[in-house]
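Single-letter residue listing:
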2 protein chains.
Amino acid sequence: MTTLDITQMDLEQITLPARNVEAYLSAFLRHRPLPENLKRAIEYSLLSGGKLVRPLLVIRCCEAVGGKPEQALAPAAAVEMVHVFSLVHDDLPAMDDDDLRRGKPTLHIHESEAMAVLAGDAMLSLAFELIATRMKSADTALEVMRELSVGTNDMIVGQVQDTLPLEPSDQDPIDRLEDIHKNKTGALLRAACRMGGICGGANAKQLASLTRYAQATGLMFQAVDDLLDVTSTPENLGKAVRKDAEMGKLTYPGVLGLDGTREQIASLHTEATVALEGFDHRANPLRELCDYLAVRQK
Amino acid sequence: MTTLDITQMDLEQITLPARNVEAYLSAFLRHRPLPENLKRAIEYSLLSGGKLVRPLLVIRCCEAVGGKPEQALAPAAAVEMVHVFSLVHDDLPAMDDDDLRRGKPTLHIHESEAMAVLAGDAMLSLAFELIATRMKSADTALEVMRELSVGTNDMIVGQVQDTLPLEPSDQDPIDRLEDIHKNKTGALLRAACRMGGICGGANAKQLASLTRYAQATGLMFQAVDDLLDVTSTPENLGKAVRKDAEMGKLTYPGVLGLDGTREQIASLHTEATVALEGFDHRANPLRELCDYLAVRQK
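Some details on the interface of chain A and chain B
Working step 1: Between chain A and chain B, the residue contacts involve 41 residues of the former and 41 residues of the latter.
Working step 2: Where the side of chain A that touches chain B is concerned, the elements lending two or more residues are helix 3 (36-46), helix 7 (113-134) and helix 8 (138-163) of chain A.
Working step 3: Sort the elements by how many residues they give to the side of chain A that touches chain B and helix 8 of chain A lands first, with 16 residues.
Working step 4: Residue classes in the side of chain A that touches chain B are distributed as 25 nonpolar, 10 polar and six charged.

Structure below.
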């Protein structure tokens, strides 16, 4: 498969629209009246060289069904704000208590815990403000809002399942793991793909295919994350490693072993690729993005 | 003025629709798949006998312009979720560190800090999900979403100004106090009134009047809160008292004294009443609600 030889130049092509999303977010924040310290805190977390996988999915799914990237910029920016809000709150001392994120001190270390709570809250509701104030068609905005809000809530459900599990169930560990990750990582990736499709004018069949692509890619993304957590270093990842196992959380390598996890990644990669079979060359960036996500090293 | 003799029966009449909002919220939560512990945490905070001032404003503003209460139930329920999310996060140890709310242990005491963070996050985004999935007209939903999102963000701005003030400014203390409260309490009350007006089909002039009513009522609400904080007891209010002054926060009694605060309340009450002069008898519940808020004892 092509996944094994993605060059730096390919990667730059694949992630090209990410810079437009950053510029869009930066302009949105510049125009939104906010206290200086709050704005600084949001920019510190939001414009810090993240991978912008979710915005890329929004834009590439919009293109895959024939839309222009500009049509998807607002939801692309919004979904990144939701993602970063979740990172900032997850890192809090009462949650995962992480000091390092994207190679920098986490926001509660850099500013204060109060600011991390409030800046997270602000990013979450600014995401909805962005959609509500920047999108022109009310019908599209409402559909997008539905995807984003349901995706966000399902993500929070995943956090609760992961951080505050209910009594041990008799569910198979791999089923339970997939259940958690369908919510924790999958829900927002799914919302991203569907929002992109909606903005590009996808028909029901295309939207269903993008949803299947998103579901496979979402689980694959998490399996790669779990794998890197075991095989990589804090220097490379820019965040602490091997904390999940220490905290007793379910992980793919924990349940399937390293080889099993690699097989799972390959199988999910195939599933995502197959979901795109009905699309023409305009889905190539989406195919390449999935290839990249299967072999990413950080 | 009528404010001095509000009987228990009057009060029940004024707050009648609040029970419908609670039933609506309860049904919404029953139908939304959520882990048991998250649902329990949300219900603990959300359905705990609050005053439901914001939902009442939504419904009474809808009626004032000729709408039916049912048209405003979704935004009424949503604004209460946003309000309660803000209380739960404000009470966190890293924020105001409060143990008591509505006469019960705060959520982080009752459950855990992690659950208080996550349940707060969930209530915030469930509020947007509720609007996005329950409102029928896309145009109205988008307008409502705009009010709710901007109001929420301005409220968070007020929290930042209040909790993490920037360098001391040379602004007059009363101007600074009003600045904070226009955001902290005012923004969501303003959103509540405007959402109600929008759902009831208000014209531009009516919406402007409701906005003036909301702004005066918002500042008055906060002045009464500050007054009760000095003159009442934790037993009566169901929360800690005199913490604001201890934490060095600006308050109306701190800036204007007790008598000055009472005069300010009377003057804002008049301002709110005058704003409703163009409305007929259908605004009477709104007038009575303002009367009640001026003299409330908890």
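Some thoughts on the confidence of the model for chain A
Residue and element names in this part refer to chain A.
Working step 1: Of all residues in chain A, 97% attain a pLDDT of 70 or more, and the chain-wide mean is 92.
Working step 2: The element-level mean pLDDT for chain A is lowest in helix 1 (residues 8-14), coming to 72, with helix 7 highest at 98.
Working step 3: Scored by ipTM, the complex comes to 0.93, with pTM at 0.94.

Some words on helix 7 (residues 113-134) of chain B
Working step 1: Here helix 7 of chain B is 22 residues long and its end C-alpha atoms lie 31 Å apart, about the 32 Å a rise of 1.5 Å per residue gives.
Working step 2: Within helix 7 of chain B, 19 of the 22 residues are buried, leaving the element largely enclosed by the surrounding structure.

Concerning the environment of B:Ala94
Working step 1: Inspection of the secondary structure assignment puts B:Ala94 in the loop between helix 5 (73-90) and strand 1 (100-101).
Working step 2: Taking the C-beta count within 10 Å as the criterion, B:Ala94 has 21 such neighbours and is therefore assigned buried.
Working step 3: Considered as a pair, B:Ala94 and B:Glu113 are 19 residues apart in the sequence and their alpha carbons are 10.0 Å apart.
Working step 4: With near-sequence residues (within four places) excluded, B:Ala94 lies in contact with A:Glu113, A:Ala114 and A:Val117.

Observations regarding the packing of helix 5 (residues 73-90) of chain A against helix 9 (residues 173-199) of chain A
All names here are of chain A.
Working step 1: Running from amino to carboxyl end, helix 5 crosses helix 9 at an angle of 170°, the nearest separation of the two axes being 10 Å. Of the possible angle classes, the one that applies to helix 5 and helix 9 is roughly antiparallel. Each of Pro 75, Val 79, Val 82 and His 83 in helix 5 lies in contact with helix 9, whose residues at this interface are Leu 188, Ala 191, Ala 192, Met 195 and Cys 199.
Working step 2: Broken down by class, the residue content of the contact of helix 5 with helix 9 amounts to eight nonpolar, one polar and no charged.

Quick notes on the environment of A:His181
Residues and elements named next belong to chain A.
Working step 1: Topologically, His 181 is positioned in helix 9.
Working step 2: Judged by C-beta crowding, with 24 C-beta atoms within 10 Å, His 181 ranks as buried.
Working step 3: Linking His 181 and Ser 267, residues 86 residues apart in sequence, is a C-alpha distance of 16 Å.
Working step 4: In contact with His 181, not counting residues within four places along its chain, are Gly 158, Gly 186, Leu 219 and Gln 222.

About the criteria used
Residues numbered from 1 in each chain as written. Chains lettered and ligands numbered in written order. Predicted model: local features only at pLDDT ≥ 70, side-chain atom pairs only at ≥ 80, totals over all residues. Contact = placed C-beta atoms within 7 Å. Helix = DSSP H or I, 4+ residues; strand = E, 2+ residues; numbered from the N terminus. Nonpolar A, V, L, I, M, F, W, Y, C, P; charged D, E, K, R; others polar. pLDDT = per-residue confidence, 0-100. Expected span 1.5 Å × (residues − 1). Buried ≥ 20, exposed ≤ 12 C-beta atoms within 10 Å, placed from the backbone. Axes fitted to C-alpha atoms, helices over the stretch in contact; angles between N-to-C directions. Parallel < 35°, antiparallel > 145°, perpendicular 65-115°, else oblique.

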